Amino acid sequence: MNEEQKISVVINTYNARQYLAKVLESVKDFDEVVVCDMESTDDTVAIAEQYGCKVVTFPKGDYTFCEPARNFAIQSAAYKWVLVVDADELVTPELREVLYQKIADPDGPAGYYIPRQNLFMGMFVRDFHYDYQLRFLVRKGTEWPPTIHSLPKVPGKVEKLKANPNARLLHLMDETMHETIEKLNKYTDNEIEKKRQRGYGLWALLWRPIWRFSQCYFLEGAFKMGVRGLIRAGLAAVYQFVLISKIIEERYRS
């Protein structure tokens, strides 16, 4: 296999020991695994070293999310193609096979959205909604904005991998409601900077939560999950309500 057809897996970590061994086991057959650690205080680095990963360090500072370290992590990889995996995501063997097939085409895209299936209250959302993530991309020329939930800017066209029952990322994090609410509060705090210039007001406060609930419950198929789906859609709406409320509050207090 030539250098153009090799893949580096990049994993950003901070105190990620809970699932890391399973994640590394799922990516061990790629050409390189780079763990970019943000100064973990648990045994994350030791686990990565046990698996023979290339370990690099990005200063955590006051960051509470990984996007500021994404560029550093990606540019620490050796090969043309990079698969970005979170420390709580598994790569299925079928996905690995599909990715190597894709890069064999010299005229293919510069990036791919990969289907991801999430756990919610003990149930994979697998047959109802694929959460597509732009995670497979060329290293050279890619820029990842250092803001929460940002998408990488890839130097070329991107496309979605077709979802199927096997070629996917499996998101293992199954948070309790307490953890979900804590993360909602943290994520909305971090997203204010990106959204504060949009002039949200009363209309957005009413409309965006309703739209997000409808999108999640009906278009994404959460209704097929019973009570779990109702809760999931409700949380999606609450996220929007809290975010817009914080932006309005900031404007009132300034």
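Sequence order as written defines the numbering, with residues in each chain counted from 1. At least 70 in pLDDT is required for a residue's local features to be given in this predicted model, at least 80 for side-chain atom pairs to be given and counted, and no such filter applies to totals for whole chains, interfaces and linings, which use all residues. The basis for every side-chain value is the complete set of heavy atoms in the structure, and neither hydrogens nor water enter the calculation.

## Overview of the overall build of the chain
Going by this rule: Think of it this way: any DSSP run of H or I at least four residues long counts as a helix, any run of E at least two long counts as a strand, and we number them from the N terminus. Burial classes follow relative accessibility: with a 1.4 Å probe on protein chains only, a residue under 20% of its type's maximum area counts as buried, one over 50% as exposed, and anything between as partly exposed. In what follows, residue pairs with any heavy atoms lying within 4.5 Å of each other are defined as contacts. For accessible areas, the Shrake-Rupley method is used with a probe of radius 1.4 Å. Any residue's cover is judged against the shown protein chains and nothing else.
From N to C terminus, the chain includes seven helices and ten strands. Considering only C-alpha atoms, the chain reaches an extent of 55 × 40 × 35 Å along its principal axes. Looking at the chain as a whole, 47% of its 254 residues qualify as buried. Within the chain, counting contacts between residues at least 6 apart in sequence, those at least 24 apart form 72% of the total. Entry remark: accessible area of the chain is about 13,200 Å², with carbon and sulfur atoms responsible for 53%.

## Some thoughts on the packing of helix H5 (residues 177-195) against helix H7 (residues 227-253)
Packed helices, taken two at a time, are described by the angle between their axes plus the distance between the axes. For the record, the criterion: Axes, fitted as lines to C-alpha atoms, cover a helix only where it is in contact. Angles between the N-to-C directions of the axes lie from 0 to 180 degrees. Roughly parallel refers to an angle under 35 degrees, roughly antiparallel to one over 145, roughly perpendicular to one between 65 and 115, and oblique to any angle outside these ranges. Crossing handedness is defined as follows: a turn of the near helix away from the far one that is anticlockwise and smaller than a right angle gives a left-handed crossing, while the clockwise case is right-handed.
Close contact between H5 and H7 brings their axes to 9 Å; oriented N to C, the two are set at 40°. The pairing of H5 with H7 is recorded here as oblique in orientation. You can see that H5 and H7 cross each other, and the crossing is right-handed. Of H7, the residues touching H5 (which contributes Met177, Thr180, Ile181, Leu184, Asn185, Tyr187, Thr188, Asp189, Glu191, Ile192 and Lys195) are Ile231, Leu235, Val238, Tyr239, Val242, Leu243, Lys246, Ile247 and Glu250.

## Brief notes about H5
The condition that has to hold: Between the first and last residue of a helix there are one fewer steps than residues, each counted as 1.5 Å, and that sum is the expected span. Bend, in this description, refers to the angle at a residue between axes fitted to the seven residues ending there and the seven starting there.
Taking 1.5 Å of rise per residue, 19 residues should cover 27 Å, and H5 covers 25 Å from first to last C-alpha, within 8% of that figure. Along H5, the largest kink reaches about 25° and is centred on Asp189. When we look at burial in H5, the residues that qualify are Thr180, Leu184, Thr188, Glu191, Ile192 and Lys195. Where H5 is buried, its residues meet H7.

## Observations regarding unusual backbone geometry
Residues other than glycine seldom take positive phi values, yet Asn15 does so here, at roughly 45°. When you line up the elements, Asn15 lands in the loop between strand E1 (7-13) and helix H1 (17-26). Judged by relative accessible area, which is 31%, Asn15 ranks as partly exposed.

## Observations concerning the pairing of strand E8 (residues 131-138)
What counts, and what does not: A pair of strands is labelled paired if DSSP reports no fewer than 2 bridges between them.
Burial runs high along E8: seven of the eight residues are buried. As paired strands, strand E6 (residues 111-120) and E8 are joined by six bridges and run antiparallel to one another. Residue pairing in the sheet places Arg116 in a bridge with Asp131 of E8.

## Here we look at the pairing of strand E2 (residues 32-37)
For E2, a buried count of six out of six residues is recorded, marking the element as mostly surrounded by other parts of the structure. Side chains Glu32, Val34 and Cys36 project from E2 onto one buried face, and the interleaved Val33, Val35 and Asp37 project onto a second face that is buried too. One ladder, built from six bridges, connects E1 with E2; its direction is parallel. What sits directly across from Thr13, in E2, is Asp37.

Nothing here speaks to function; it is all geometry.
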